[in-house]
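Structure assessment
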Amino acid sequence: MMNRRNFFKTSLFSTLGIATSGFSALAIPGSWHKASSSRLSLEFAPYPLKLKHAFNLARSSRTTTPDVLVRLHYDGITGYGEASMPPYLGESVESACKFLSKLCLEQFTDPFRIEEILDYVDTVDSGNPAAKASVDIALHDLLGKIMQQPWYKIWGLNPDKAPHTSFTIGIDTPRIIRQKVDEASQYKILKIKMGLGNDQSLVKIIREKTNVPICVDANQGWVNKEKALEMCHWLAEQGCMFVEQPFDKTMIDETAWLSERSPLPIIADEFIQRLPDVSKAYQVYNGINIKLMKSTGMHEAYKMAILAHSLGMKVMIGCMTETSCAISAASQLSPMAHWADLDGNLLISNDPFNGAVVTDGRVIPTSEPGIGLTAFNNAYNIFSEKS
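Scoring rules and cut-offs
- Residues numbered from 1 in each chain as written.
- Predicted model: local features only at pLDDT ≥ 70, side-chain atom pairs only at ≥ 80, totals over all residues.
- Heavy atoms only, no water.
- Helix = DSSP H or I, 4+ residues; strand = E, 2+ residues; numbered from the N terminus.
- Contact = heavy atoms within 4.5 Å.
- Pairing = 2+ DSSP bridges.
- Axes fitted to C-alpha atoms, helices over the stretch in contact; angles between N-to-C directions.
- Buried < 20%, exposed > 50% of the residue type's maximum accessible area, 1.4 Å probe, protein only.
- Core = buried A, V, L, I, M, F, W, Y, C linked by side-chain atoms within 4.5 Å.
- Right-handed = clockwise from strand over helix to strand, strands pointing away.
- Parallel < 35°, antiparallel > 145°, perpendicular 65-115°, else oblique.
- Left-handed = near helix turned anticlockwise from the far one by under 90°.
- Nonpolar A, V, L, I, M, F, W, Y, C, P; charged D, E, K, R; others polar.
- Phe/Tyr/Trp six-rings, centres within 6.5 Å; stacked < 30°, edge-to-face > 60°.

1. Describing the environment of Gly344
Mapping Gly344 onto the fold places it in the loop between β13 (339–340) and β14 (353–354). Separated by 18 residues in sequence, Gly344 and Ala326 have C-alpha atoms that sit 9.0 Å apart. Filtering out sequence-adjacent residues up to four positions away, Gly344 remains in contact with Cys319, Met320, Thr321, Glu322 and Ile327.

2. Remarks on the sheet that holds strand β9 (residues 240–244)
Taken together, the 8 strands give an open sheet; going across it, the order is β6-β7-β8-β9-β10-β11-β12-β13, and neighbouring strands pair in parallel fashion. Unpaired on one side and paired on the other, β6 (166–169) and β13 mark the two borders of the sheet. Lying on the sheet, helix α7 (residues 199–209) is in contact with β6, β7 (189–193) and β8 (214–217); it crosses β7 at an angle near 150°.

3. Observations concerning unusual backbone geometry
One non-glycine residue with positive phi stands out, namely Gln245, at about 40°. Here Gln245 is to be found in the loop between β9 and α9 (252–261). Note on Gln245: relative accessible area 0%, which makes it buried. Positive phi, normally seen in glycine, also occurs at Gln283, with a value near 70°. With respect to the helices and strands, Gln283 occurs in the loop between α10 (275–281) and β11 (287–291).

4. A word on the pairing of strand β5 (residues 77–84)
Within β5, 6 of the 8 residues are buried, which leaves it mostly tucked inside the rest of the structure. Bridge count for strand β4 (residues 67–74) against β5 is 8 bridges, and the pairing is antiparallel. The residue bridging His73 from the neighbouring strand is Thr78, located in β5.

5. Examining the nonpolar core
Ranked by size, the top nonpolar core spans 119 residues in total, and within it Val68, Leu100, Leu103, Leu105, Ile137, Trp222 and Leu235 carry the most contacts. Each residue touching Trp222, except ones within four places of it in the same chain, is listed here: Met194, Gly195, Asp199, Ala228, Met231, Cys232, Leu235, Val243, Pro246, Phe247 and Asp248. The next biggest cluster of nonpolar side chains, apart from the first, holds 6 residues, and it includes Cys215, Phe242, Met316 and Trp339.

6. Quick notes on the pairing of β6
The alternating pattern of β6 places Ser166 and Thr168 on one face and Phe167 and Ile169 on the opposite face, and all of these are buried. As a crossover connection, the stretch from β6 through helix α6 (residues 174–183) into β7 is right-handed.

7. Brief notes about the packing of helix α2 (residues 93–102) against helix α4 (residues 129–147)
Here α2 crosses α4 at 50°, and the two axes come no closer than 9 Å. As far as their axial angle goes, α4 and α2 are oblique. Both α2 and α4 take part in a crossing whose hand is right-handed. Residues Ala96, Phe99 and Leu100 of α2 lie in contact with α4, whose contacting residues are Ala131, Lys132, Ser134 and Val135.

8. Quick look at the sheet that holds β4
Within the open sheet, the 3 strands sit side by side as β1-β4-β5. Their pairing is antiparallel. Of all strands in the sheet, those bounded by a partner on one side alone are β1 (41–46) and β5. In this sheet, neighbouring strand axes are inclined to one another by 20° on average, regardless of whether the strands run parallel or antiparallel. For β1 and β4, the ladder comprises 6 bridges, and the chain directions are antiparallel. Counterpart to Ala45 in the pairing with β4 is Leu69. Sitting on the sheet, α4 is in contact with β4 and β5, with an inclination near 155° to β5.

9. Quick notes on the packing of α6 against α7
Between α6 and α7, the shortest axis-to-axis distance is 10 Å and the interhelical angle comes to 45°. In this view, α6 runs oblique relative to α7, as classed from their interaxial angle. Crossing of α6 over α7 shows right-handed handedness. Where α6 approaches α7, its residues Pro174, Ile177, Arg178, Val181 and Asp182 are matched on the opposing element by Leu202, Ile205, Ile206, Glu208 and Lys209. Across the contact of α6 with α7, the residue classes break down as 6 nonpolar, no polar and 4 charged.

10. Remarks on the side chain of His140
Inspection of the secondary structure puts His140 in helix α4. Excluding residues within four positions of it along the chain, His140 makes contact with Ile114, Trp151, Trp155, Met298, His299 and Gly370.

11. Considering the packing of aromatic side chains
Applying the stated criterion across every chain, the model contains 7 aromatic pairs. Relative to Phe353, the ring of Tyr80 lies with its centre 5.5 Å away and its plane at 70°, an arrangement referred to as edge-to-face. Residue Tyr80 is located in strand β5, and its partner Phe353 is located in strand β14; the two are separated by 273 residues in the primary sequence. This pair shows no difference in class: Tyr80 is buried, exactly as Phe353 is. Chaining the aromatic ring pairs together yields one cluster made of Trp151, Trp155 and Tyr302.

That's the geometry; what it means functionally is another story.
Below, the structure is given as C-alpha cells:
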C-alpha cells in the first residue's frame, strides 16, 4: 500500500493526466486499489422536489421539479446520485427510470474504470443527460469514498477559491420579490430571471431593498439585439455582472453581435449542453454555464471547464432545482469557475441530504469523501418505499 505522501503525489499526476493528455482516463495505480469480486449494483427511486416558491421563468412556471435519486453499491460502499429534470429540458421521471432500468452495471467489477463505465452509460441510449448524470455523480461519490478523499482534492482544486454563489430571484409579484430578497440576505450576488417585458421594474424593486451585485438570466426571452444592447448598458449602471442567454439559442448571429458590443459578458446557458458545444460557443458567447444535469455529470463537466479556460472563456457552474446531492457534486468543481449559481437545494422544502454549505456567500464543499454528503435525512426510506 502507498503511504499518504505517495498517494497524493499519484493523485496529482493522475489529475494532470486528465487535464493535459486528451482528457485521458483517471489513472488509479493497482498498487493501492485491488479489484475485488464485487460488482457495481444500481438502484433508483422517484423523488419529486417541492419548491418553496413557484419558479417562474420567461417561458414556464412550476411548483415542483421531477427528480430521481440513485444509489450505486460496490463492496459495501454506497455512492449517491441524482437526476433533476425541469420539464422544459424534455426528460421525465418515466424516461429517466426507463433509461436507468436498461443499464447493466453488474458487468463492471472495477469501479475505477471510470471512462469505460461512463462510455457504456452514454451509449446505452441517446439523450437522457440528467439520468446519465445521476450515475456519474453516484460513481464519483463511490470512488471518492473508496479513496477516502473529496473530489476537489483528487482534482487538485482549492475550495478557498470557490466564487460567491448567486441566489435566484424568479419572476414574481413585487411582494414576493421583496420577500425573496429578504430570504437571500446572506448572499453576495442575486440572480434575476427576466424576459417578460418588465425587466427594468424587477431591478428597481430589488434596488429598493439592496445594493448587492446582480446578474440576470433572460432565459432566451429577448428578441431585439439593439434593445438588448441598450438593456446591457442600463444593467451595467445597476451593478450587473453578466447577462445569461439573452436570445433564443438559435439566434447565433445576434448573440455574437451582442457579445462583441456589450459592456457585460454574455454567457451561454440553453446553448450549452455537452463538451462539443463549448467550441461552438467560442466567439459567440463570452462564457458558458455548465450544469451537471445537461453535461451528463461531473466527468464531462470537468472537461468542459478545462476546454473553456483554454479558449479564454469565462466559466460558470450552475444548477437546476436539485437536492444537496447534485449541489454538493457541483461544488467540487466550483473552484474552477469565475461564477457559481448553486442555490437549487435552497429553493426546495424537502431536501433529504446534507452536504455543501454556504459560508460567507460561497457554496463550499465539505471535506467528507466523495461528493461531500455528510448526512442523510431519511434518504434510506426513499429507496425502501419505492414502488
